[in-house]
Amino acid sequence: MKRRLVCLVVLASSLTPVAHSQETYRGFLTSQVRSSKTATPQHLRDYVADGKLKLSLHDAIVLALENNSAIRVQESTVESAKFTLLSSFQPFDPKLQSIFSARRSSYPGFSQIQGAGTFDDLNQSAQFNYTQTLSTGTNIQVGLNGYKDSSNSGFYFLNPYYQSSLNIQVTQPLLRNRWRFANTAPVVIARTNLQQSKAIFQAQVNGAILQGINRYWDLVRAHNNLDVARKSQDAAEATYQHDKRALELGALPPLDIYRSESEVASRRLQVIQSEYQVKQAEENFRLTIGANQDPFVQALDIEATEQPEPQGELLTVDIATTLRQAMERRPELLAWQQALAADDTSIRLAHNQVLPDLELQAFYLGNGVGGDLNFGGVVTRGGLNTSLHQLFSFGYPGYGASLTLNLPIKNHAAQASLGTALVSRHRDLYSAQQASEQIAQDVANAVHQLEQAKLSIAAGKTALDLAQKMLTAEHRKAQLGAENVFFELDAQTRVANAEATLLQAEVDYQTAVAFLHNATGTLLQDYDVQISELTK
């Protein structure tokens, strides 16, 4: 019988819903979470060359994923969901309790049977209790108790005597919390919430990558605008030097020199403003890639190596195809699908809690007694072994069963939980529909933004070509003295404006492509990013 008891305990452990091999404390705990310090910035110095931080767009995305603090904050929601899942297994954790106690007492005799004198008594007891709830809702309780009493009283014919008992009790719910679903539903919901948190995190990473791309192209635009401003300033300086020479030779009226001087001052102001726009764009970009975490890298200028002009043919998309891809790949929709799945599980669980509580309980009791027997001067030796032999040989068994029904007249708490679960599903249904509508709008806006950028590039190239031709003509006329210097300066301004407009259109095209990929949910695949690697 002792071997059977061990087998029963092992069987109880095997029936517990076993977590996935990774669903353990050690499986969930990462070295980053265990550390009490933030990680040092990675690979920033690998891109330092010629006293600058030189980065392509792909390099910038990699650094942002490695060093961006906002992404790490968002990743913590996934880590929290992991341990919430781990805590959902708590009801199935087996518990083993052991108690040992000893007590010695003495007392005077108080009856003729006892006789006169002082009596000493030593009581020692040991208890072992094992409790476990299985995934079927079955509750198993096993208790093994041992008791020893030793006394100088002649009243006991067994002295010392050993008493042992075994208590096995099995309780099975028959209505509420019966079988696997009602008991494993919290685990199912926790797993679903973990998948939902991963989908939300994927959307957040998408947003972080899109922000990194936008800030990279903002830096490219700022640098190129500075180049345009400096080139325009150089042109104004050249015109001013020409006019100054003409004034010295008497070929230019004295009052006309002020126009050239004014234009030089105005364009110098534009250069100063462009320089500070570059500094602002660099600071925003440093925050994105974590460059401000390294004092050495923080002090370096940043050089974006990508050119704003698109390479190859411009992207052409079909809005219907793009919308279908977005509905299949956007992580926001996957998150809401997981939320609705959790709602359905919660509703089924709430329905179960409304049921009456009917439980079937069966128990077995075994007893054994042993000790030294003194009868008529003949002493028979016995002890704990005798007591355990009687216990496990079913010499003195006891068993029985009971059926208990708890029927609440009112169960407002369970009804409220059911109503709350239904409301949650109702809300999430409309939230999922709202997300679909927003995705459709994102796709439409992305396609329109891309088409607008393509048309703007074509128009910008035409405008720049005409402005350059006009500048060439006005410069030639000014050299021949056929026109006032005003027209050449105006032509220079037109060229600078046309270059800035074309640059803006090219940058808008680059960001429109990124926005389109984000709208269709392919941005992570474009840069070979896997969420499982970020959250393992």
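The following paragraphs examine the structure supplied in this document. (Residues numbered from 1 in each chain as written. Predicted model: local features only at pLDDT ≥ 70, side-chain atom pairs only at ≥ 80, totals over all residues. Heavy atoms only, no water.)

## Looking at the overall build of the chain
Operational definition: By the criteria applied, helices consist of DSSP H or I runs no shorter than four residues and strands consist of E runs no shorter than two, each listed in order from the N terminus. Remark: exposure states derive from per-residue accessible area (1.4 Å probe, protein chains only) relative to the maximum for the residue type, with buried under 20%, exposed over 50%, and partly exposed in between. Residues are treated as being in contact if the distance between any of their heavy atoms lies within 4.5 Å. Accessibility throughout is a Shrake-Rupley quantity obtained with a 1.4 Å probe, and a residue counts as covered only by protein chains that appear here.
Helix and strand counts for the chain come out as 15 helices and ten strands. Every one of the 536 residues in the chain was classed for burial, and the buried ones make up 39%. Counting contacts in the chain only where the partners sit at least 6 residues apart, residues at least 24 apart contribute 79% of the total. Counting every atom, the chain has about 30,400 Å² of accessible surface; 55% of that belongs to carbon and sulfur.

## A closer look at unusual backbone geometry
The residue Asn177 is not glycine, and still its phi comes out positive at about 60°. Its relative accessible area of 26% is what places Asn177 among the partly exposed residues. At Trp179, a residue that is not glycine, the phi angle is positive and equals roughly 60°. Relative to the elements of secondary structure, Trp179 occurs in helix H6 (residues 179-248).

## What about the packing of aromatic side chains?
We count it as follows: Pairing of aromatic rings covers Phe, Tyr and Trp, the last counted by its six-membered ring, and requires centre-to-centre distances within 6.5 Å; plane angles under 30 degrees mean stacked, over 60 mean edge-to-face, and any other angle means tilted. Sitting over a ring, as applied to charges here, requires NZ of Lys or CZ of Arg to be within 6 Å of the ring centre and within 35 degrees of the ring normal.
The final tally for this structure, using the stated rule, is four aromatic pairs. Aromatic side chains Tyr216 and Trp217 sit 5.6 Å apart centroid to centroid with 90° between the ring planes, which places their arrangement in the edge-to-face category. Classification of Tyr216 by relative accessible area gives buried; the value is 0%. The class for Trp217 is buried, based on a relative accessible area of 3%. These aromatic residues form a ring-pair network of at least three members: Tyr25, Phe28 and Phe83. Sitting above the plane of the Phe181 ring, Arg348 keeps its charged end 3.7 Å from the centroid.

## Things to note about the packing of helix H4 (residues 57-67) against helix H5 (residues 69-87)
So the rule is basically this: Lines fitted to C-alpha atoms define the axes, with helix axes restricted to the stretch in contact, and inter-axis angles between N-to-C directions lie between 0 and 180 degrees. Note that the term roughly parallel is reserved for angles under 35 degrees, roughly antiparallel for angles over 145, roughly perpendicular for angles of 65 to 115, and oblique for everything else. Under the scheme applied, nonpolar residues are Ala, Val, Leu, Ile, Met, Phe, Trp, Tyr, Cys and Pro; charged residues are Asp, Glu, Lys and Arg; polar residues are all the others, including Gly.
H5 packs onto H4 with a crossing angle of 50° between their chain directions and a minimal axis gap of 6 Å. Judged by the inter-axis angle, H4 sits oblique to H5. Contacts between H4 and H5 involve Ala64, Leu65, Glu66 and Asn67 from the first element and Ser69, Ile71 and Arg72 from the second. Split into classes, the residues belonging to the contact of H4 with H5 amount to three nonpolar, two polar and two charged.

## Quick word on H5
Think of an α-helix as 3.6 residues a turn; residues three or four steps apart then line up on the same face. This is how the line gets drawn: Take the number of residues in a helix, subtract one, and multiply by 1.5 Å to get its expected span. By arc we mean the arc of the directions from the helix axis to the C-beta atoms, nothing more. N or O atoms closer than or at 3.5 Å make up a polar contact, with two conditions inside protein: a donor-capable atom paired with an acceptor-capable one, and, for residues adjacent in sequence, both atoms drawn from side chains.
A rise of 1.5 Å per residue sets the reference length of H5, with its 19 residues, at 27 Å; its end C-alpha atoms lie 28 Å apart and thus fit the reference within 8%. The complete set of buried residues in H5 reads Ile71, Glu75, Val78, Glu79, Ala81, Lys82 and Leu85. Seen along its axis, H5 keeps its buried residues to an arc of 150°; they face one direction. Looking at where H5 begins, the residue whose side-chain oxygen comes 2.9 Å from the main-chain nitrogen of Ala70 is Asn68.

## Description of the sheet that holds strand E7 (residues 301-304)
The test is simple: Note on pairing: DSSP must find at least two bridges between two strands before they are called paired.
One open sheet accounts for three strands, arranged E1-E2-E7; its pairing is mixed. Each having just a single partner strand, strand E1 (48-49) and E7 make up the two edges of the open sheet. Bridge count between strand E2 (residues 52-55) and E7: four bridges; the pairing is parallel. When the bridges of E7 are listed, Leu53 appears paired with Ile302. Each of E2 and E7 touches helix H7 (residues 257-289); the most contacted strand, E7, lies at about 85° to it.

## Side note on the pairing of strand E5 (residues 139-151)
With 13 bridges connecting them, strand E4 (residues 118-133) and E5 associate as antiparallel partners. When the bridges of E5 are listed, Asp121 appears paired with Ser151. Between E4 and E5, which pair antiparallel in sequence order, lie five residues; one of them, Gly137, sits at a positive phi of approximately 90°.

## Here's the deal with the nonpolar core
Using the following cut-off: Residues belong to one nonpolar core when they are buried, are Ala, Val, Leu, Ile, Met, Phe, Trp, Tyr or Cys, and are joined through side-chain atoms within 4.5 Å.
Among the nonpolar cores identified, the biggest contains 47 residues, and Ile209, Ile213, Tyr216, Phe285, Ile289 and Tyr527 are the most heavily contacted of them. For this core, the secondary-structure elements that each account for two or more residues are E2, H4, H5, H6, H7, E7, helix H13 (485-520) and helix H14 (523-526). Considering every element that reaches this core, the biggest residue donor is H6, with 16 residues. Once residues lying within four places of it in the same chain are set aside, the contact partners of Tyr527 are Leu57, His58, Ile61, Ile209 and Ile213.

## Here we look at the pattern of salt bridges
Condition: For this analysis, a salt bridge means a side-chain nitrogen from Lys or Arg found within 4 Å of a carboxyl oxygen belonging to Asp or Glu.
Here the structure, examined in full by the defined rule, presents 20 salt bridges. The salt bridge partner of Lys54 is Asp50, with a shortest N-O separation of 3.0 Å. Look at Lys54 and you get partly exposed, because its relative accessible area is 25%. Between Arg494 and Asp490 there is a salt bridge whose closest N-O contact spans 2.9 Å. Of this pair, Arg494 and Asp490 are both found in helix H13, four residues apart, which corresponds to roughly one turn of the helix. Each of Glu282, Glu283 and Arg286 takes part in a single network of salt bridges with overlapping partners.

## A closer look at the side chain of Gln492
Topologically, Gln492 is positioned in helix H13. Classification of Gln492 by relative accessible area gives buried; the value is 6%. Contact partners of Gln492, with chain neighbours within four places excluded, come to Ala235, Ala236, Thr239, Arg267 and Leu471.

## What to know about the side chain of Asp59
Quick reminder of the rule: In this tally Asp and Glu are treated as negative and Lys and Arg as positive; neither His nor the chain ends contributes.
Along the polypeptide, Asp59 turns up in helix H4. Buried charge without a partner: Asp59 forms no salt bridge, and the closest opposite charge is Lys54, 11 Å away. A distance of 2.9 Å separates polar atoms of two side chains, one belonging to Asp59 and the other to Ser56.

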